[in-house]
Amino acid sequence: MFPLLPPLAIARQYLLPKKLLTVFAGLVANARMGGVTQSIIRRFVAHYQVDMGEAADPRIENYATFNDFFTRALREGVRPISPAPFVCPVDAAISQFGPIEHDQLFQAKGHSYSTRALVGGDQQLAQRFDHGHFATLYLAPKDYHRIHMPCEGRLTRMIYVPGDLFSVNPLTARHVPSLFARNERVVCVFDCAHGPMVMVLVGATIVGSMETVWHGVINPPRTREPREWNYGNQDIVLSKGAEMGRFLLGSTVILLFPQNVLTFTPDWAPTHSVRLGEAMATLIETEAAL
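Residues numbered from 1 in each chain as written. Predicted model: local features only at pLDDT ≥ 70, side-chain atom pairs only at ≥ 80, totals over all residues. Heavy atoms only, no water.

Enquirer: Tell me about the sheet that holds strand 14 (residues 243–248), and please be specific about residues and values.
Expert: Taken in spatial order, the four strands of this open sheet run 6-14-10-11, and their pairing is antiparallel. A single partner strand is all that each edge strand has here, and the edge strands are strand 6 (146–148) and strand 11 (216–219). Strand-to-strand twist of the sheet, defined as the mean angle between neighbouring strand axes without regard to direction, takes the value 25 degrees. As judged from the three bridges shared by strand 6 and strand 14, these two strands associate in the antiparallel manner. By the bridge assignment for strand 14, arginine 146 is matched with arginine 246. (Pairing = 2+ DSSP bridges. Helix = DSSP H or I, 4+ residues; strand = E, 2+ residues; numbered from the N terminus. Axes fitted to C-alpha atoms, helices over the stretch in contact; angles between N-to-C directions.)

Spelled out as structure tokens, the structure:
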């Protein structure tokens, strides 16, 4: 039998000039075009049914650029932070989550990829998460696109890994092998009370850029070689629920935790919608004490 061919939408992604489209989208998203910008935002809000009632500023006319709107702040109190040890860092849909099988993360039926590939080839860093746990969270266009801390952590490293710019929607995840380990991404490494934690911000088609609160915009520039920043001699500590970064247009966040640290909450399941600040996981040692 012949293998099944991917859908046309996937095949087309291999042919499209994804980086050129992304650069163009970034220029448009940052452009101050007055009424044209407001018209684009209104169409976007209507099409994706964005709840502007949650925004700190719900008035579309007050957003000078599309990116100002896309990275809008939320009203105080609309995302309370749970007292759970680990909270959801974003508004998103759960793509996948669970145990890391030795060093393999489950992407979709028939597709897995390694922690080493995900973090940009650093085997020593990747080994710290052997047999640990992961969560892959997909931010849809309608979602709030700031990223927050699932627990308190001290920043130690940041790595920019160049790569492709495939879409990261569920359809693409089912058909493009090692999708999250081949797309452009930013790997943020933290030391936490439970040990190390990695947060990976994955780029995608028309994701104009990614930024963090301690660095600002990371891409562009889009370099051909990885770039790394070390923060071991700085005291950059972010509390649970604090903002750590944002996407300028949407994408995916992947969390890595070591072995024997946490158990995900029972109501978590693939495709379920989750919100920033909701309980995500409990400490294994906390469970043992109960």
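Enquirer: Which residues make up the packing of aromatic side chains, and what values do they have?
Expert: Any pair of aromatic rings gets described here by the distance separating the centres and the angle formed by the planes. One pass over the full model with this rule turns up 14 aromatic pairs. Pairing phenylalanine 190 with tryptophan 214 gives two aromatic rings, centres 6.1 Å apart and planes at 85 degrees, and the pair type is edge-to-face. Remark: tryptophan 214 occurs in the loop between strand 10 (209–212) and strand 11 and phenylalanine 190 occurs in strand 8 (residues 185–192); sequence separation between them is 24 residues. Given the relative accessible area of 0%, phenylalanine 190 is considered buried. A residue is classified by how much of its surface remains accessible, and tryptophan 214, at 17% relative accessible area, is buried. (Phe/Tyr/Trp six-rings, centres within 6.5 Å; stacked < 30°, edge-to-face > 60°. Buried < 20%, exposed > 50% of the residue type's maximum accessible area, 1.4 Å probe, protein only.)

Enquirer: Which residues make up the layout of surface pockets, and what are the values?
Expert: As a volume, the second largest pocket reaches approximately 310 Å³. Along the walls of the second largest pocket sit 18 residues, with Arg79, Asp91, Lys142, Asp143 and Arg275 positioned nearest its centre. Elements represented by at least two residues in the lining of the second largest pocket include exactly strand 2 (92–99) and strand 17 (273–274). Its residues assigned to classes, the lining of the second largest pocket shows eight nonpolar, two polar and eight charged. (1 Å grid on protein atoms, 1.4 Å probe; cavity = no way out; pocket = protein on both sides within 12 Å on 5 of 7 lines; lining within 4 Å. Points joined across faces, edges and corners; volume = space filled by probe spheres on them. Nonpolar A, V, L, I, M, F, W, Y, C, P; charged D, E, K, R; others polar.)

Enquirer: Lay out the pattern of salt bridges in plain terms, naming residues and giving numbers.
Expert: Taken as a whole and judged by the stated rule, the model has 14 salt bridges. Here glutamate 61 makes a salt bridge to arginine 42, at a shortest N to O gap of 3.9 Å. Taken together, the positions of glutamate 61 in the loop between helix 3 (35–48) and helix 4 (66–70) and arginine 42 in helix 3 put the pair 19 residues apart, joining distant regions of the chain. On the accessibility criterion, arginine 42 (44% relative accessible area) is partly exposed. Where aspartate 122 meets arginine 157, a salt bridge forms, and the shortest distance between an N and an O atom there is 2.9 Å. Pair noted here: aspartate 122 is in the loop between helix 5 (115–118) and helix 6 (123–127) and arginine 157 is in strand 7 (residues 153–161), with a separation of 35 residues, a long-range link. Since its relative accessible area comes to 16%, arginine 157 is described here as buried. Bridged by salt links that share partners, the residues Glu54, Arg79, Asp91 and Arg275 form one connected network. (Salt bridge = Lys/Arg side-chain N within 4 Å of Asp/Glu carboxyl O.)

Enquirer: Can you lay out the side chain of histidine 111 for me, pointing to particular residues and giving the numbers?
Expert: Along the polypeptide, histidine 111 turns up in strand 4 (residues 111–114). What makes histidine 111 buried here is its relative accessible area of 17%. Side-chain polar atoms of histidine 111 contact the backbone oxygen of arginine 174, separated by 3.2 Å. In contact with histidine 111, not counting residues within four places along its chain, are Leu105, Phe106, Ala173, Arg174, His175 and Pro177. (Polar contact = N/O pair within 3.5 Å; in protein donor to acceptor, adjacent residues only side chain to side chain. Contact = heavy atoms within 4.5 Å.)

Enquirer: Break down unusual backbone geometry for me, with residues and values.
Expert: Cis geometry marks the peptide bond from asparagine 219 to proline 220; its omega dihedral reads 5 degrees. Tracing the backbone shows proline 220 in the loop between strand 11 and strand 12 (227–230). Proline 221 follows proline 220 through a cis peptide bond whose omega is 10 degrees. Position of proline 221 among the secondary structure elements: in the loop between strand 11 and strand 12. Although it is not a glycine, histidine 102 adopts a positive phi angle of roughly 60 degrees. Looking at where histidine 102 falls in the secondary structure, it is placed in the loop between strand 2 and strand 3 (104–108). Backbone geometry places asparagine 260, a non-glycine residue, at a positive phi of 60 degrees. Within the secondary structure, asparagine 260 is located in the loop between strand 15 (252–257) and strand 16 (262–264).

Enquirer: Would you mind going over the side chain of aspartate 143 in detail, with residue names and values included?
Expert: Looking at the secondary structure, you find aspartate 143 in the loop between strand 5 (133–138) and strand 6. In this structure aspartate 143 comes out as buried when scored by relative accessible area, which is 9%. Reaching out from aspartate 143, the side chain makes a polar contact with the side chain of lysine 142 at a distance of 3.3 Å. If sequence neighbours within four positions are ignored, aspartate 143 has contacts with Arg72, Asp91, Ala92 and Tyr138.

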